[in-house]
Amino acid sequence: RKSSGEAILTKETTDTAALPGTGAKMADEESSALAAAADEVASMSVSGETEGEHKKENETRPNADVLVANDPDLWKPGPPPEDCPVCMIPLPIANDQSIYYPCCGMLICRACVNESRRAVRIINSKRAKKEEPPVEESCAFCRTPYCDEDEYVKQLLLRTEKDDCKAYFSIANSYRDGTNGLPKDESKALELHIRAAELGSAQAMAFLGRVYESGGLGVIQDLDKAREFYIKAVKGEILLLGSVSGWSTLRVTMKT
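Now for a look at the structure at hand. Note that the coordinates shown come from a computational prediction; the quantities given were computed from them, not determined experimentally.

Focus on the state of the cysteines
Thinking step 1. A full pass over the atoms with the stated rule returns 0 disulfides.
Thinking step 2. Cysteine Cys104 remains unbridged, with the sulfur of Cys139 as its closest cysteine sulfur at 3.7 Å.
Thinking step 3. Its relative accessible area of 16% is what places Cys104 among the buried residues.

Below is the structure:
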């Protein structure tokens, strides 16, 4: 859509096309006017408020950074991280370095999982030479053999009956992505993530913070609620790596 200035320029250029230099002069004037208008728009806030109104609003709005800095619970040392039940070493901070097993409800570090699989490969290599049947890969803790998708979902559902927040979080992700034989259902995924957060899953809290920040899974964007979930996640010893993009994301959200 042309601005009024552009419409005038087109008309005047047509009427004075025979006069040398007139069109170029008017084009230069128009460019200057457009540049000045652009500078004026850039000096205004995105919402269209005047500078004075915007400043007044910021003066009355609580400073999120101050609120965070003055929250003593947020800066208290969190509880010690959960130990891997196999090696008894604290689980890694990165979420992708631990694997949840619904057969026993244990979260096992990837190092122990890899070592268990390596041991099975060595055993099966020796058994193959003796023409003996191979050993099935199994859970590194309870030694339950690995199962197919249907059995995996059944195990998750059994764990949810015991209010296992990790099981709720896992099955919520399955509904979110449409994996493990489950249909993609965002409303169901949101419901299960909320239940996982209610049961104390810091990962679910962080995920819900990201959902409300971006307006995903069909929810209306709500930065206040996103901020609330992020802070709850931090207080609940959230493993930030892999769950949210980190403390910088929390700060950006709180400044918005």
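Next comes the rest of the account.
Structural notes on the packing of aromatic side chains
Thinking step 1. On inspection of all chains with the given rule, the structure shows 2 aromatic pairs.
Thinking step 2. Ring centres of Tyr101 and Tyr146 lie 6.2 Å apart, and the angle between their planes is 20°; on these two criteria the pair is classed as stacked. In this pair, Tyr101 is assigned in strand β1 (residues 98-101) and Tyr146 in the loop between α6 (110-129) and α7 (149-160), connecting sequence segments 45 residues apart.
Thinking step 3. With centroids separated by 5.8 Å and ring planes inclined at 10°, the aromatic side chains of Tyr212 and Phe229 adopt a geometry described as stacked. Taken together, the positions of Tyr212 in helix α10 (residues 202-214) and Phe229 in helix α11 (residues 223-235) put the pair 17 residues apart, joining distant regions of the chain.
Thinking step 4. In this structure Phe229 comes out as buried when scored by relative accessible area, which is 14%.
Thinking step 5. Directly above the aromatic system of Tyr168 lies the positively charged group of Arg195, at a separation of 6.0 Å from the ring centroid.
Thinking step 6. For the cation-ring pair, Lys232 lies above Phe229, with the distance from its terminal atom to the ring centre recorded as 5.9 Å.

Comments concerning the nonpolar core
Thinking step 1. In this structure, Cys84, Tyr101, Ile108, Ile171, Tyr175 and Leu192 are the most contacted members of the largest nonpolar core, which totals 39 residues.
Thinking step 2. Put simply, the parts of the chain that give this core at least two residues each are β1, β2 (106-109), α6, α7, α8 (165-177), α9 (186-198), α10 and α11.
Thinking step 3. No other element matches α10, which puts 7 residues into this core.
Thinking step 4. Setting aside anything within four residues of it in sequence, one finds Ile108 in contact with Cys84, Pro85, Val86, Leu91, Gln97, Ser98, Ile99, Tyr101, Val113, Cys139, Ala140 and Phe141.

Rules used in this analysis
Residues numbered from 1 in each chain as written. Predicted model: local features only at pLDDT ≥ 70, side-chain atom pairs only at ≥ 80, totals over all residues. Heavy atoms only, no water. Disulfide = S-S within 2.5 Å. Buried < 20%, exposed > 50% of the residue type's maximum accessible area, 1.4 Å probe, protein only. Phe/Tyr/Trp six-rings, centres within 6.5 Å; stacked < 30°, edge-to-face > 60°. Helix = DSSP H or I, 4+ residues; strand = E, 2+ residues; numbered from the N terminus. Lys NZ or Arg CZ within 6 Å of the ring centre and 35° of its normal. Core = buried A, V, L, I, M, F, W, Y, C linked by side-chain atoms within 4.5 Å. Contact = heavy atoms within 4.5 Å.

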